[in-house]
Amino acid sequence: TAGRAAATSVLSYAKDGGTATNVTLTPAADGSWSWASSSASLTNGSNDGLYVFTLTVADLAGKTVSSQQVIKIDTTAPTLVVAAPVAGEATALSSYAISGTSRDTGGVGFDNAADVEYQFSTEGSTWHSLALTGTSWSGSASMGAGEGSRILNFRSTDALGNQATASVTFYYDLANPSLTETSVGTTDTQYRNADLAFGGTASDSNALAGLAVSVNG
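For every chain, the first residue of the written sequence is number 1, and numbering continues from 1 onward in sequence order. This being a predicted model, a pLDDT of at least 70 is required before a residue's local features are given, and a value of 80 or more before pairs of side-chain atoms are given or counted; all residues contribute to the totals for chains, interfaces and linings. Side-chain descriptors were evaluated using all non-hydrogen atoms of the structure, hydrogens and water having been removed beforehand.

(A) Just the environment of Thr 91, in detail. Under the DSSP-based scheme used, a helix requires at least four consecutive residues in state H or I and a strand at least two consecutive residues in state E, with every element numbered from the N terminus. Here Thr 91 shows up in strand S6 (residues 90-91). Distance from Thr 91 to Leu 174, taken between C-alpha atoms, is 7.8 Å for residues 83 residues apart in sequence.

Rendered as structure tokens:
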């Protein structure tokens, strides 16, 4: 009868087609009701998935009506992988090709807004967008002026704002190392009848990979 409260109100929800959980609701006298999921049960990352919520209301005569709502729970960030640059590598290219992949497996996916972005660590709040094609992204980063280390920051954001980050340190290297020999102090041919000692300095604007001395090489 119109105006009477429901006899029973049951909310059921199931994740990814699994067994449903039933929650008995007690509507107010005016028929209003509410229910809130616990953040610990649905939004802590361990229960991401596709949920089907079904509300079934029965009156005193046993007649029922149902309403259904499908909700995707996604609290997990995408998987971001940087293929280039590689940590510790050196380049002399003024425009460096950066690349990698980003996947949102099992999540809501991307919205083509700011799927993958990059910045140099010196750029503050400035980010540059990279085109994501399938799971791959690529672009070019200008190395700017002056040699030295560079830190590239990357971030990938899905349609719900879940975000993954990564940082890579590499080097912009244009000049050859500097090498001096001071113990002998000359490149002229030397004639000795005892051990010969060499010494001096070696340096680079970034870092030396190694120093080798060869005989008759």
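There is more to say after this.
(B) Molecular detail of the nonpolar core. Residues Ile 98, Tyr 118, Trp 137, Leu 152 and Phe 154 are the most contacted members of the largest nonpolar core, which totals 19 residues. For this core, the secondary-structure elements that each account for two or more residues are strand S5 (79-84), strand S7 (95-103), strand S8 (116-120), strand S9 (128-133), strand S10 (136-142), strand S11 (148-157) and strand S12 (163-172). With four residues, S12 is the largest single contributor of residues to this core. Two residues qualify as a contact provided that any one of their heavy atoms is within 4.5 Å of a heavy atom in the partner residue. Beyond its immediate chain neighbours, meaning those up to four positions away, Ile 98 contacts Ala 84, Pro 85, Tyr 118, Leu 130, Trp 137, Ser 138, Gly 139, Ser 140, Ala 141, Leu 152 and Phe 154. We define a nonpolar core as any set of buried Ala, Val, Leu, Ile, Met, Phe, Trp, Tyr and Cys residues linked to one another through side-chain atoms lying within 4.5 Å. Exposure classes here rest on a 1.4 Å probe applied to the protein chains alone. A residue is buried below 20% of its type maximum, exposed above 50%, and partly exposed in between.

(C) Up close: the side chain of Asn 162. Tracing the sequence through the fold places Asn 162 in the loop between S11 and S12. In protein, a polar contact requires one atom able to donate a hydrogen and another able to accept it; more generally it is a pair of N or O atoms within 3.5 Å, and residues adjacent in sequence count only if both atoms are side-chain atoms. Within the local environment of Asn 162, its side chain forms a polar contact with the backbone oxygen of Asp 74, the two atoms lying 2.9 Å apart. With residues up to four places along the chain from it excluded, the contact list for Asn 162 reads Asp 74, Thr 75, Thr 76, Ala 77, Pro 78, Ser 156 and Thr 157.

(D) Summary view of the pattern of salt bridges. Here, a salt bridge means any Lys or Arg side-chain nitrogen found within 4 Å of an Asp or Glu carboxyl oxygen. In the structure shown here, the tally under the stated rule is one salt bridge. Arg 155 is paired through a salt bridge with Glu 117; the nearest N and O atoms lie 2.7 Å apart. Pair noted here: Arg 155 is in strand S11 and Glu 117 is in strand S8, with a separation of 38 residues, a long-range link. Accessibility expressed as a relative area gives 9% for Glu 117, which makes it buried.

(E) Representation of the pairing of strand S1 (residues 8-15). Alignment of S1 against strand S3 (residues 49-58), held across eight bridges, turns out to be antiparallel. Within the sheet, the bridge partner assigned to Tyr 13 lies in S3 and is Phe 53. One requirement defines pairing of two strands: DSSP has to find at least two bridges between them. Between S1 and the antiparallel strand that follows it, strand S2 (residues 21-25), lie five residues; Asp 16 among them carries a positive phi value of about 50 degrees.

(F) Expanded view of the sheet that holds S9. Here eight strands make up an open sheet; going across it, the order is S5-S7-S10-S9-S8-S11-S12-S6 and the pairing mixed. One side of each edge strand has no neighbouring strand; the edge strands of this open sheet are S5 and S6.

(G) Spotlight on the packing of aromatic side chains. Two rings belonging to Phe, Tyr or Trp (six-membered ring only in the last case) form a pair when the distance between their centres is within 6.5 Å. Interplanar angles under 30 degrees mark stacking, angles over 60 mark edge-to-face geometry, and anything in between is tilted. For the structure shown, the criterion picks out six aromatic pairs. Between the aromatic rings of Tyr 13 and Trp 35, the centroid separation amounts to 5.5 Å while the plane-to-plane angle is 35 degrees, which identifies the pairing as tilted. Linking Tyr 13 in strand S1 with Trp 35 in the loop between S2 and helix H1 (39-42), this pair joins segments that are 22 residues apart in sequence. A residue is classified by how much of its surface remains accessible, and Tyr 13, at 17% relative accessible area, is buried. Put simply, the rings of Tyr 13, Trp 35, Tyr 51 and Phe 53 pair up and form one aromatic cluster. As a reminder, the over-ring test applies to NZ of lysine and CZ of arginine, requiring each to be within 6 Å of the ring centre and within 35 degrees of the ring normal. Here the basic side chain of Arg 155 rests over the ring of Trp 127, its NZ or CZ set 4.0 Å away from the ring centre.

(H) Structural context of the environment of Ala 159. Mapped onto the elements, Ala 159 comes out in the loop between S11 and S12. Judged by its relative accessible area of 37%, Ala 159 falls in the partly exposed class. With 49 residues separating them in the primary sequence, Ala 159 and Phe 110 have C-alpha atoms 4.9 Å apart. The residues contacting Ala 159, other than those within four sequence positions of it, are Val 108, Gly 109, Phe 110 and Asp 111.

(I) Spatial organisation of the pairing of S2. For S1 and S2, the ladder comprises five bridges, and the chain directions are antiparallel. Paired with Leu 11 across the two strands is Val 23, which belongs to S2.

(J) Examining the sheet that holds strand S4 (residues 64-73) more closely. The four strands are arranged S2-S1-S3-S4 in an open sheet whose pairing can be described as antiparallel. Of all the strands in the sheet, the pair left with one neighbour each is S2 and S4. Within the sheet, the average angular offset between the axes of one strand and its neighbour, ignoring direction, is 20 degrees. Axes here refer to lines fitted to C-alpha atoms; in helices the fit is confined to the stretch in contact. Angles between the N-to-C directions go from 0 to 180 degrees.

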